[in-house]
Amino acid sequence: MIEVSREKFEALVSEALDTIPADLASAMSNVVVVVVDDPPEPHLLGLYTGVPLTERGDWYSGVLPDRIEIYRNPICEICDTEEDVVDEVRITVVHEVGHHFGISDERLHELGW
């Protein structure tokens, strides 16, 4: 386990978001990404809650933003070095962003995320 301050962890999440290709990042819509210390259930590293882009239709208006939560403590618990944290944050961010685009867990795992 490694300890990473909240401020540093938030910076890592921001840096991970910056690695998303510009054309994909510009397609993200009505979504907020936040750092949360602890998940609502054990062993979660991240969680996407909302309506994926692939399921939005004409009815989609006035809806609260989708939410991507990245969980600091569980990620730090499974990592031994700051480099491990950087890698795990990036994997988790890309995985949860994939859900925003409507990609299933199964497909994300097939793709290595």
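An account of the accompanying structure is given in this report. Going along each chain's sequence as written, the residues are numbered from 1 onward. Only residues with pLDDT of 70 or above have their local features reported here, since the model is predicted, and side-chain atom pairs are shown and tallied only from 80 upward, although totals for entire chains, interfaces and linings are computed over all residues. Hydrogens are left out, water is left out, and the side-chain values use all remaining heavy atoms of the structure.

For the rest of this paragraph, the subject is the overall build of the protein chain. Looking only at helices and strands, the protein chain has five helices and three strands in total. Ordered by position from the N terminus, the helices and strands of the protein chain form the series α-α-β-β-β-α-α-α. Two things to know: the radius of gyration comes from C-alpha atoms, and the globule rule equals 2.2 Å times the number of residues to the power 0.38. Relative to a compact globule of 113 residues, whose C-alpha radius of gyration would be 13 Å, the protein chain shows 14 Å and is just as compact. Viewed in the frame of its principal axes, the protein chain has a C-alpha envelope of about 45 × 25 × 25 Å. Buried residues in the protein chain amount to 35% of all 113 residues. By the convention used here, residues are in contact when the closest approach between their heavy atoms is within 4.5 Å. Of all intrachain contacts in the protein chain linking residues separated by at least 6 positions in sequence, the fraction that spans at least 24 positions is 75%. Per element, the accessible surface of the protein chain, about 6,600 Å² overall, is 52% carbon and sulfur. Note on charges: Lys and Arg go in the positive column, Asp and Glu in the negative column, and His and the chain ends are not counted at all. One atom stands in for each charge, and that atom is NZ of Lys, CZ of Arg, CG of Asp or CD of Glu. Positive and negative side-chain charges in the protein chain, numbering 7 and 24 respectively, have mean positions lying 4 Å apart. Each helix is a run of DSSP H or I of at least 4 residues and each strand a run of E of at least 2, with the numbering of both proceeding from the N terminus. Throughout this description, buried means an accessible area under 20% of the type-specific maximum (1.4 Å probe, protein chains only), exposed means over 50%, and partly exposed covers the range between. Accessibility throughout is a Shrake-Rupley quantity obtained with a 1.4 Å probe, and a residue counts as covered only by protein chains that appear here.

A few words now on the sheet that holds strand β1 (residues 31-36). Paired strands, as defined in this entry, are two strands with at least two bridges between them according to DSSP. An order of β1-β3-β2 is seen for the three strands of this open sheet, with the pairing classed as mixed. For this open sheet the edge positions go to β1 and β2 (46-49), each flanked by a neighbour on one side alone. The average undirected angle you get between the axes of adjacent strands in this sheet is 15°. Where β2 and strand β3 (residues 66-71) come together, four bridges link them in antiparallel fashion. Each residue of the ladder has a partner; that of Thr49, found in β3, is Arg67. Where helix α1 (residues 6-18) meets the sheet, it contacts β1 and β3, and its direction lies at approximately 150° from that of β1. Axis definition: a line fitted to C-alpha atoms, over the contacting stretch in the case of helices. Angles run 0 to 180 degrees between N-to-C directions.

Moving on, we come to the environment of Glu3. You can see Glu3 is positioned in the segment before α1. Taking the relative accessible area as the measure of exposure, Glu3 reaches 59% and is therefore exposed. Residues Glu3 and His100, 97 residues apart in the sequence, show an inter-C-alpha distance of 29 Å. Pairs of N or O atoms are called polar contacts if they sit within 3.5 Å, as long as, within protein, a hydrogen donor faces a hydrogen acceptor (for residues adjacent in sequence, only side-chain-to-side-chain pairs). Within polar-contact distance, the side chain of Glu3 engages the side chain of Arg72 at 3.4 Å.

Quick look at unusual backbone geometry now. Non-glycine residue Asn30 carries a positive phi angle of around 55°. Here Asn30 shows up in the loop between α2 (22-27) and β1. Even without a glycine there, the phi angle at His43 is positive, about 75°. With respect to the helices and strands, His43 occurs in the loop between β1 and β2. Overall, the relative accessible area of 78% leaves His43 in the exposed class.

Such coordinate-based values are descriptive only and should not be taken to indicate function.
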